[in-house]
Amino acid sequence: MSTPAAGAATIAPRRSSRFVAWVRAWRAGLVPFDEVADAIAGDEEHLVADAPGTWTDVPLPEALPTLAKLSPDEIRLVLPAPGDPRGLPGPGDFAGAALLAGEAVVAGALGLIPQVRTHTSGSGDTFETVLWRVYPLPADAPAASLVLPGAAEAEAELAAALAETTAALTRLDVAQWRPELAGALEALRRPDRTTDLPPGFDPRARRLFARAAVLDRVLALAGHAAPGGAINNYEAQQRDAALRPLTTACRQALVAACNAPLRP
């Protein structure tokens, strides 16, 4: 039987974060092209739709050369949320789809958004594929929308939000309502390759990404699991309000870490 802790351990990290980190490292000459697609996809199948010069969905390695002329600084992670569109290059189809997905990649004049598709085989087995849909970006995107915190600021904000949220959840006695979250966090503390960045990122960015990636996946579990019978709607609203600042800080920490300057 699967447990909530085990479920948290298998929740995929934000796919856009791995895409940005590895493609930026490739464009900086720090990792070979042959490693990039495998590092992004892991055990999943990744396809790309609407890539320039293609007429059908293509495997990720066939679409990546589209980005071969970009510098690392032209490739950025954005993790928008309703009421917080920071990083989006102006309104349009891409911005709307990115807000729905909660994650996206800005790569020069293109935007990419991952969509997870679930398939059922003839024998009844289910499997998933990830489809990266490519969007042309508006040429007149306002520069002000691209201003985001750096790694040092994001690290401080994450630490403050974690302390504030921990205190709030302690007062609300969430451990009694949701004891599985403690087990989930413990399961996610085990190192794996999804909480590490490729060569070129400095120690602060690596530390920030590892911490935020773990917290982000625990928060995803908290958001996906319905409240149990131990709490009423008011208590659930209190819990969600307590988690909101940490959720925001987590998103900005991942953005700051993945978009941090690279060093040869």
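See the structure printed just above.
Every value quoted in this text rests on a predicted model; they were computed, and no experiment measured them.

Student: When you look at helix α5 (residues 93–101) in this model, what are you seeing that I'm missing?
Tutor: In an α-helix, one full turn covers 3.6 residues, which means residues spaced three or four apart are oriented alike. If you check which residues of α5 are buried, you get F94, A95, A97 and A98. Along the long axis of α5, the arc covered by the buried residues comes to 165°, so they all point the same way. Turned more than 90 degrees from where α5 packs its buried face, D93 and L100 sit exposed. In the core, the buried residues of α5 are packed alongside β4 (104–107), β5 (110–120) and β6 (126–136). Directly after α5, the chain includes G102, whose backbone phi takes a positive value near 80°.

Student: Help me understand the side chain of D216 in this model?
Tutor: Turning to its location among the elements, D216 is positioned in helix α9 (residues 203–224). Owing to a relative accessible area of 8%, D216 belongs among the buried residues under this scheme. In terms of polar contacts, D216 uses its side chain to reach the side chain of R14, at 2.8 Å. Sequence-distant contacts of D216, that is, excluding residues within four places in its chain, are made with R14, C250 and L254.

Student: Can you help me understand the pattern of salt bridges in this one?
Tutor: Pairs may arise between side chains of opposite charge once their charged atoms sit close together. Evaluation of the coordinates by the stated rule reveals 10 salt bridges. Ionic pairing is found between D216 and R14, a salt bridge with its closest N-O pair at 2.8 Å. Of this pair, D216 sits in helix α9 while R14 sits in the loop between α1 (4–10) and α2 (15–27), and the two are 202 residues apart along the sequence. Between R15 and E44 there is a salt bridge, with the nearest N and O atoms lying 2.7 Å from each other. Within this pair, whereas R15 is found in helix α2, its partner E44 is found in the loop between α3 (33–41) and β1 (45–49), the two being separated by 29 residues in sequence. Of the residues examined, R15 reaches a relative accessible area of 14% and is grouped as buried. According to the relative accessible area criterion, E44 is partly exposed, its value standing at 28%. Here the salt bridges share partners, and the residues they tie into one network are D84, R86 and R251.

The rules we used
Residues numbered from 1 in each chain as written. Predicted model: local features only at pLDDT ≥ 70, side-chain atom pairs only at ≥ 80, totals over all residues. Heavy atoms only, no water. Buried < 20%, exposed > 50% of the residue type's maximum accessible area, 1.4 Å probe, protein only. Helix = DSSP H or I, 4+ residues; strand = E, 2+ residues; numbered from the N terminus. Arc of directions from axis to C-beta. Contact = heavy atoms within 4.5 Å. Polar contact = N/O pair within 3.5 Å; in protein donor to acceptor, adjacent residues only side chain to side chain. Salt bridge = Lys/Arg side-chain N within 4 Å of Asp/Glu carboxyl O.

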